[in-house]
Amino acid sequence: MAEAPWLTIIGLGEDGLQGLSPASRAALESAAIIMGPPRHLALVPDLGGERIVWPTPFAEGLARLRELRGRRVAVLASGDPFWFGAGSVIARAFAPGEWRALPSPSTFTLAAARLGWALERTACVGLHAAPMAQLRPHLAPGQRLLVLLRDGAAVAQLGAYLSQLGFGDSRLWIMEALGGPRERITEARANGLPQAAFTHPVCAAVETAGAGAALPCAAGLDDDLFENDGQLTKRPVRALTLSALAPRPGEWLWDIGGGSGSVAIAWLLSDARTRAVSIEARPDRARRIRANAERLGADRLEVVEGTAPEALAGLPAPQAVFIGGGLSAGLLEDLAARLVPGTRLVAHAVTLESEALLVTARARFGGDLLRIELAQATPLGTRLGWKASYPIVQWRSVL
């Protein structure tokens, strides 16, 4: 029989030992060392083993855990350690045969059970270490969300954020210490939260209501959602660009010449599993990209200040590349040598010189050329007339 792993990750609820499975209790009782945050350790009585408080920052705890390799160790985590918990971080630090996990019901499970909500139709968001803006893509009238919050003070911040975006009429259920003797549930509107002191651990169930506007699920977000200095891929062109880039779950995008970051942000909003890095030479624009990404719930966008191709060094290999600025023959040569076969490449040209580069690239690497000419109705005296934009040439290829 294979030897049991030396490390056991145990999901613990607010009810302490009472809520643990027999396997979890046995692992705790046989552990030579029990390690966890102070709140979790306080939920477990003295069982004879050595107790170690998980230090801050979190990475120091991993280093301490490595020093204990080979001894029988139990690490305490909240509920289901693999749902916005520490479990996956710990598991990545050790070989598969070194650890096992014994989860308990997650906070999401307990919250859904209290309200009778179908968990598979409810957005579950962890904000205990993330900004409120991560809620933005989920906010639409009549939706249900379960939100893990950092601490009691974050309850008021959640109410203010929802109210600011026009969702102040949303119903909230503030749930403290779910599953334990201190459990308390407070119902209120986002714009009418009581002036109460909420205690950690705390989560909020949200049933959205109000006149707030939802972000479209399509690629064509309104231009006024992006702060910009005029360097912006406009909505119709952006929609065509995302169609050409064809984002898929888990893929990386290099956005070269980010401008306002609108293309990279639209890529990230297409699926929560996508990743992107935006390359921007100007510091003011790089700051603007970060601000746009954070405000629209796409703060996982990485922004690199610099000029391609030098700024591309060390970046994870992409599945798609967009060149919205800085197009040059040297950049195309570098990308042709650097990118793995099968990478999708989309580039835009506005000037005759850059258009000639794309014509040459198409002759060498293949792909499609698309000329995009748009005109918008604008006032012309007392009537309307068409105002044409500069035509854009789009090259799309698979290298």
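Structure shown above.
Here the structure is a predicted model, which means the values were calculated and not measured.

Caption draft 1: View of the sheet that holds strand 6 (residues 123–126). In spatial order, the strands read 6-7-10-8-9; together these 5 strands make up an open sheet with mixed pairing. Either end of the sheet is taken by a strand with one partner, and the two such strands are strand 6 and strand 9 (184–189). Between one strand axis and the next, the sheet turns through 20° on average, direction left out of account. Sheet topology places strand 7 (residues 144–149) next to strand 10 (residues 202–207); 6 bridges connect them, and they run antiparallel. What sits directly across from valine 147, in strand 10, is alanine 204. Packing against the sheet, helix 5 (residues 107–115) makes contact with strand 6, strand 7, strand 8 (171–176), strand 9 and strand 10, and its axis sits at approximately 135° to strand 7. Against the sheet, helix 6 (residues 153–164) touches strand 7, strand 8 and strand 10, its axis set at about 20° to strand 10.

Caption draft 2: Structural detail: helix 5. All buried positions along helix 5 are accounted for by Phe108, Ala111 and Ala112. Projected down its long axis, helix 5 carries its buried residues within an arc of 100°, all on one side. Buried residues belonging to helix 5 abut strand 6, strand 7, strand 8 and strand 10. Downstream of helix 5 by one or two residues, glycine 116 has phi in the positive range, about 75°.

Caption draft 3: The arrangement of the packing of aromatic side chains in detail. Inspection of the entire model under this criterion finds 7 aromatic pairs. Ring plane angle 25° and centroid distance 4.8 Å describe the contact between tryptophan 54 and phenylalanine 58, whose orientation is recorded as stacked. Where phenylalanine 84 meets phenylalanine 108, the ring centres are 5.7 Å apart and the plane angle is 70°; that geometry is what we call edge-to-face. Taken together, the residues span a long stretch of sequence, with phenylalanine 84 in the loop between strand 4 (73–78) and helix 4 (87–92) and phenylalanine 108 in helix 5 at a distance of 24 residues.

Caption draft 4: Up close: the nonpolar core. Grouped together as the largest cluster of nonpolar side chains are 25 residues, with contacts concentrated most on Leu245, Leu253, Ile265, Trp267, Ala276 and Leu301. Of all elements in the fold, only helix 7 (235–245), helix 8 (262–269), helix 9 (283–295) and strand 14 (320–323) reach the threshold of two or more residues within this core. When residues in this core are grouped by element, the largest group, 6 residues, is from helix 8. Of all hydrophobic cores here, the second largest spans 24 residues; its members include Val147, Ala154, Leu158 and Leu162.

Caption draft 5: Structural detail: the pattern of salt bridges. One pass over the full model with this rule turns up 24 salt bridges. The partner of glutamate 227 in a salt bridge is arginine 295, with the nearest N and O atoms 3.7 Å apart. A residue pair is termed long-range when its members are at least 10 positions apart, and glutamate 227 in the loop between strand 10 and helix 7 and arginine 295 in helix 9 qualify at 68 residues. For arginine 295, a relative accessible area of 33% gives the class partly exposed. Ionic contacts of the salt-bridge type, sharing partners, join the residues Asp229, Arg282, Asp284, Arg285 and Arg288 into one network.

Caption draft 6: Region of interest: the sheet that holds strand 13 (residues 302–305). If you trace the 7 strands from one edge of the open sheet to the other, you get 13-12-11-14-15-19-16, paired in mixed fashion. Looking at strand neighbours, the two that pair on one side only are strand 13 and strand 16 (368–372), the edges of this open sheet. The mean inter-strand angle of the sheet, taken between neighbouring strand axes irrespective of direction, is 15°. The sheet contact formed by strand 14 and strand 15 (residues 344–349) spans 4 bridges and is parallel.

Caption draft 7: Broad picture of unusual backbone geometry. Omega for the peptide link from threonine 56 to proline 57 comes to 5°, which places this bond in the cis form. The amide bond that connects alanine 308 to the next residue, proline 309, takes the cis arrangement and shows omega of 10°. Here proline 309 lies in the loop between strand 13 and strand 14. In this model, phenylalanine 84 sits at a positive phi of 60°, which is unusual for a non-glycine residue. The phi dihedral of alanine 177 is positive, around 50°, even though this residue is not glycine. Relative to the helices and strands, alanine 177 resides in the loop between strand 8 and strand 9.

Caption draft 8: How the structure looks around the state of the cysteines. Overall, the coordinates contain 0 disulfides when judged by the stated rule. No disulfide involves cysteine 124; its nearest neighbouring cysteine sulfur is the one of cysteine 203, lying 9.8 Å away. On the basis of relative accessibility, which here comes to 3%, the residue cysteine 203 falls in the buried class.

Caption draft 9: Region of the structure containing the side chain of threonine 186. Here threonine 186 shows up in strand 9. Judged by its relative accessible area of 18%, threonine 186 is buried. Filtering out sequence-adjacent residues up to four positions away, threonine 186 remains in contact with Leu172, Trp173, Ile174, Glu176, Pro194 and Phe198.

Caption draft 10: Spatial organisation of the packing of helix 7 against helix 8. Taken N-terminus to C-terminus, the directions of helix 7 and helix 8 make an angle of 55°; their axes are 10 Å apart at the nearest point. Judged by the angle between their axes, helix 7 and helix 8 are oblique. As helix 7 packs across helix 8, the resulting crossing turns out to be right-handed. The residues of helix 8 that touch helix 7, namely those facing Arg238, Thr241, Leu242 and Leu245, are Ser262, Val263, Ala266 and Trp267. Grouping the amino acids of the contact of helix 7 with helix 8 by side-chain chemistry returns 5 nonpolar, 2 polar and 1 charged.

Caption draft 11: Structural view of helix 3 (residues 58–67). Regarding helix 3, the residues found buried are Gly61, Leu62 and Leu65. Along helix 3, the residues classed as buried sweep out an arc of 100° about the axis, all on the same side. For helix 3, the exposed residues lying more than 90 degrees away from the buried face are Ala59 and Glu67. Looking at the buried residues of helix 3, the elements they touch are strand 1 (7–12), strand 2 (33–36), strand 4 and helix 4.

Rules used throughout
- Residues numbered from 1 in each chain as written.
- Predicted model: local features only at pLDDT ≥ 70, side-chain atom pairs only at ≥ 80, totals over all residues.
- Heavy atoms only, no water.
- Pairing = 2+ DSSP bridges.
- Helix = DSSP H or I, 4+ residues; strand = E, 2+ residues; numbered from the N terminus.
- Axes fitted to C-alpha atoms, helices over the stretch in contact; angles between N-to-C directions.
- Contact = heavy atoms within 4.5 Å.
- Buried < 20%, exposed > 50% of the residue type's maximum accessible area, 1.4 Å probe, protein only.
- Arc of directions from axis to C-beta.
- Phe/Tyr/Trp six-rings, centres within 6.5 Å; stacked < 30°, edge-to-face > 60°.
- Core = buried A, V, L, I, M, F, W, Y, C linked by side-chain atoms within 4.5 Å.
- Salt bridge = Lys/Arg side-chain N within 4 Å of Asp/Glu carboxyl O.
- Disulfide = S-S within 2.5 Å.
- Parallel < 35°, antiparallel > 145°, perpendicular 65-115°, else oblique.
- Left-handed = near helix turned anticlockwise from the far one by under 90°.
- Nonpolar A, V, L, I, M, F, W, Y, C, P; charged D, E, K, R; others polar.

Geometry only, nothing functional implied.
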